[in-house]
Amino acid sequence: MNDVPNLQYYRLGDIQTQYYHNKPVYIAPVKFDGFFKYYTAKQKVPGYFIIDATSVNT
């Protein structure tokens, strides 16, 4: 999460387990941390994190 610019505006959403390219992964969306952070940021949400669910080293 440290690579996300303006980190104070965001938080991680609920982590979900899904299959992506036939591999199990954890997906965590990056969301705005409230309406006022969204309104003052005037930028788009950076996206989401995909983490391999089978590797301990990720």
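Presented here is an overview of the structure given in this document. All of these numbers come straight from a predicted model, not from anything done at the bench. (Residues numbered from 1 in each chain as written. Predicted model: local features only at pLDDT ≥ 70, side-chain atom pairs only at ≥ 80, totals over all residues. Heavy atoms only, no water.)

Thoughts on the overall build of the chain
Per the secondary structure count, the chain includes one helix and four strands. In the chain, buried positions account for 17% of the 58 residues. Sequence-distant contacts in the chain: of pairs separated by 6 or more residues, those separated by 24 or more amount to 33%. Accessible surface for the chain amounts to roughly 4900 Å². Of this, 53% is attributable to carbon and sulfur atoms. (Helix = DSSP H or I, 4+ residues; strand = E, 2+ residues; numbered from the N terminus. Buried < 20%, exposed > 50% of the residue type's maximum accessible area, 1.4 Å probe, protein only. Contact = heavy atoms within 4.5 Å. Areas by Shrake-Rupley, 256 points an atom, 1.4 Å probe, with all protein chains shown as cover.)

Comments concerning the packing of aromatic side chains
Evaluation of the coordinates by the stated rule reveals one aromatic pair. Ring geometry for Tyr10 against Phe32: centres 5.2 Å apart, planes inclined by 40°, an arrangement best described as tilted. Pair noted here: Tyr10 is in strand S1 (residues 10–12) and Phe32 is in strand S3 (residues 23–32), with a separation of 22 residues, a long-range link. You can call Phe32 buried: its relative accessible area is 13%. (Phe/Tyr/Trp six-rings, centres within 6.5 Å; stacked < 30°, edge-to-face > 60°.)

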